Each structure stands twice: as C-alpha cells, then as structure tokens.
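# A look at the structure
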Amino acid sequence: MPVSFHTDRDSLIWPWTSDGVYLVRSAYQILANDSLLSQAGSSNPDDSKPLWNGIWKLKVPNKVKHFMWQAANESLPTKCNLCARHVLLESSCGLCEEFPKDVIHCLWLCDHVKCIWLSDQTFHYPRTRKFRCFGDLVSFVLSELPSGTAALFSMEFTDVQDTPVRSAIPRVEARWKPPSAGLFKINFNGAVFADRSLAGLGIVIRDEFGLIIVTLSQKIPLPSSVELVEALAARCALIFAQEINIFKAEVEGDSLKVIQIPIVEAICLGGLL
Ligand SMILES: [Zn+2]
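Residues numbered from 1 in each chain as written. Predicted model: local features only at pLDDT ≥ 70, side-chain atom pairs only at ≥ 80, totals over all residues.

### Quick word on the overall build of the chain
This is how the line gets drawn: Helix and strand assignments come from DSSP, with helices taken as H or I runs of at least 4 residues and strands as E runs of at least 2, each series counted from the N terminus. Residues are defined as contacting one another if the C-beta atoms placed from their backbone atoms lie within 7 Å.
When its secondary structure is counted, the chain shows 12 helices and 4 strands. Contacts in the chain between residues at least 24 apart in sequence constitute 56% of all its contacts with a sequence separation of at least 6.

### Brief notes about the sheet that holds strand β2 (residues 198-206)
Heads up, the condition is: In this analysis, strands are considered paired if DSSP registers two or more bridges between them. All axes are obtained by fitting lines to C-alpha atoms, using only the stretch in contact for helices, and the reported angles, taken between N-to-C directions, cover 0 to 180 degrees.
With mixed pairing, 4 strands are arranged side by side in an open sheet as β3-β2-β1-β4. Unpaired on one side and paired on the other, β3 (212-221) and β4 (249-253) mark the two borders of the sheet. Strand-to-strand twist of the sheet, defined as the mean angle between neighbouring strand axes without regard to direction, takes the value 15°. Taken together, the 9 bridges between strand β1 (residues 184-193) and β2 define a ladder with antiparallel strand orientation. In the strand pairing of β2, N189 is matched with G202. With respect to the sheet, helix α10 (residues 226-243) is in contact with β1, β2, β3 and β4, its orientation differing from that of β1 by roughly 145°.

### Some remarks on unusual backbone geometry
Quick note on the threshold: Whether a residue is buried, exposed or partly exposed follows from its count of other C-beta atoms within 10 Å of its own C-beta, namely 20 or more, 12 or fewer, or something in between, respectively; the C-beta atoms are built from the backbone.
Backbone geometry places E74, a non-glycine residue, at a positive phi of 55°. Mapping E74 onto the fold places it in the loop between α3 (62-72) and α4 (79-84). Here E74 falls in the partly exposed class, since 19 other C-beta atoms lie within 10 Å of it. In this structure, N245 takes a positive phi of about 60° despite not being glycine. Within the secondary structure, N245 sits in the loop between α10 and β4. On the basis of neighbour counts, which here come to 6 C-beta atoms within 10 Å, the residue N245 falls in the exposed class.

### Points about the nonpolar core
For the record, the criterion: Joining buried Ala, Val, Leu, Ile, Met, Phe, Trp, Tyr and Cys residues through C-beta atoms within 7 Å gives a set, and that set is a nonpolar core.
Counting residues in each nonpolar core, the largest one holds 19 residues, and the members touching the most others are I104, L107, F134 and V138. The biggest single contributor to this core is helix α5 (residues 103-109), with 6 residues. Setting aside chain neighbours within four positions, we find V138 in contact with L51, M68 and A72. Listed in part, the 18 residues of the second largest apolar core include F184, I186, A234 and A241.

### Brief notes about the pairing of β2
Both faces of the sheet carry side chains from a regular strand, because those side chains alternate between them. What sits between the antiparallel neighbours β1 and β2 is a turn of 4 residues, in which S197 has the positive phi angle 55°. Hairpin remark: β2 followed by β3, antiparallel, with 5 residues in the connecting loop; positive phi at G210, about 90°.

### Thoughts on the confidence of the model for the chain
Under the convention used in this document: Each residue carries a pLDDT score, the predictor's own confidence in it, on a scale running from 0 to 100.
When pLDDT is averaged along the chain, the result is 78, and 79% of the positions lie at 70 or above. Under a pLDDT of 50 for its full length, residues 164-169 has, in the predicted model, 10 contacts with residues more than four places off or in other chains.

### Some points on the packing of α3 against helix α8 (residues 134-144)
To keep things clear, this is the line we draw: The cut-offs work like this: below 35 degrees is roughly parallel, past 145 is roughly antiparallel, 65 to 115 is roughly perpendicular, and the gaps in between are oblique. Under the scheme applied here, ten amino acids are nonpolar (Ala, Val, Leu, Ile, Met, Phe, Trp, Tyr, Cys and Pro), four are charged (Asp, Glu, Lys and Arg), and all others, including Gly, are polar.
Two numbers describe how α3 lies on α8: the axes approach to 7 Å, and their chain directions differ by 130°. When the axes of α3 and α8 are compared, the pair comes out oblique. Here α3 contributes M68, A71 and A72 to the contact with α8, which in turn contributes F134, G135 and V138. Looking at the contact of α3 with α8, its residues break down into 5 nonpolar, 1 polar and no charged.

Below, the structure is given as structure tokens:
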C-alpha cells in the first residue's frame, strides 16, 4: 500500500459507495450478488435465456408457459421455499415424508407423481436420467425431446388438475346488469377447493349505478355437496346485507337450483326484498 505524503487523519472508507459512506443497501447488494454468483447455472441471466426462449416457443397456453418458467426457476411456493423464507419450519414432503419438497420432488421425483409419468411411454426416456433441479429437467426436455413431446410434458401439469366440480351445476346464463333504481344488487358465489377440503363464499353488493359498495369472502369447511356451497353463499349474502342495513336488493347467483330453493325465499321474507 503506498504511503500518503499528506498529513490528513486516517478515516474509514466504505469502498462500495460513491461517497465512501457505508449504506446497508450497498452491503445487501454485495451479499446478494455473491449469493447469485455462488449458485450454479441458471442463476446467471444469460444462461437462463435459452431456457426461457425454449419455454416461450412451446405451443401451449401462456399460463402453462408461466408455470413452467416459475417451476424451472424454483420460484413456486414449495415447502423448501417456504422454509427458506421462515414461513414453515420443516420442508419434508407431506405425501412420501421422505424428501425435502422442492420443485423437482413435487413434480417429478415423488413416488406419488412418478405413476403419472410412468403411465405414458413418451416420458420413459427422461426418467432414465438424473436431474439436479427442475430447471435441468426442463432444459433436457426442450433440447432432447421433439417439440410436440415437450409441449405434452408441459401440458401434463394442467391435465392432471381436477376438472372443476362447479361445471356440473346448472347455471343461469346471463350478463350482469345493474339493479333497478333505488335497489342494491347482491351477487353471491361459492367455490370448491376439494384438495384442501375447503369451500369459499364470495359476496359483492353494488348500488343502482353498479358501483361496488361492499364485498365479503369467507372460507368454510367443505360441505357435502356443491349445491350446498352455493346455498350457504346465498344465505351468507342475505345475512350480510341485513347486517349492513341493506333491505331493498336484488339477489343474483349463478346456480339456478339455489336461486329457486326455499332458503332464499325464507330469508327474503325475513326482511330483505
Ligand atoms: Zn414426496
């Protein structure tokens, strides 16, 4: 180090800011950069470009491309990721209870998903290989398999989703219209989350101009039928309206069966018109 010929007093200089003053932000950036550089492969933006381009070229819906991209970048809310963010305390797979639940375990390695891939011969070849992470698997599929197979691979993630139960309910086909002058309109809806044994109730109340006055959403334990979910949403909507002193309203739901059942009429007679 050269010796200074000036007689200035020594001072501490932080070399990573322009004025030499320490900032927490600058230290964070250095640590974040070090962390990125210490990760292998896909953390380098240039390396991830071919992967993104490959996913983007697939002839699949955009939502599937986005899902693949998130999965390949380990940015899905897996138990491993939630543990890393201190949301959960343990990361073991809830199905096999053997391995940490990162993306490649969830979507490819877990015994509970293997059967899906093994049921289709198209995917037997990649199953003979070992992959460090899901991004490596996607890169392999994009580069080593025909584009049609890569698209099939991507679509597998949506195809295995349960068909929405709600489609079985007879629906009232209508466009939303504001209520008559001087009235409110109460729209209610029920949703089923069978995999979590939950149902959701949603209510929106608008005024005669179509402006939203108030909304409510609530999760409840899954009732015995989809119609019951809709009925509970209707009941919740009417009670909610009464609680906030709305007594003149039109009630609208998209389940014809529920709109016609006595519970709605009974509550209507109880004060709501
Ligand atoms: Zn597992």
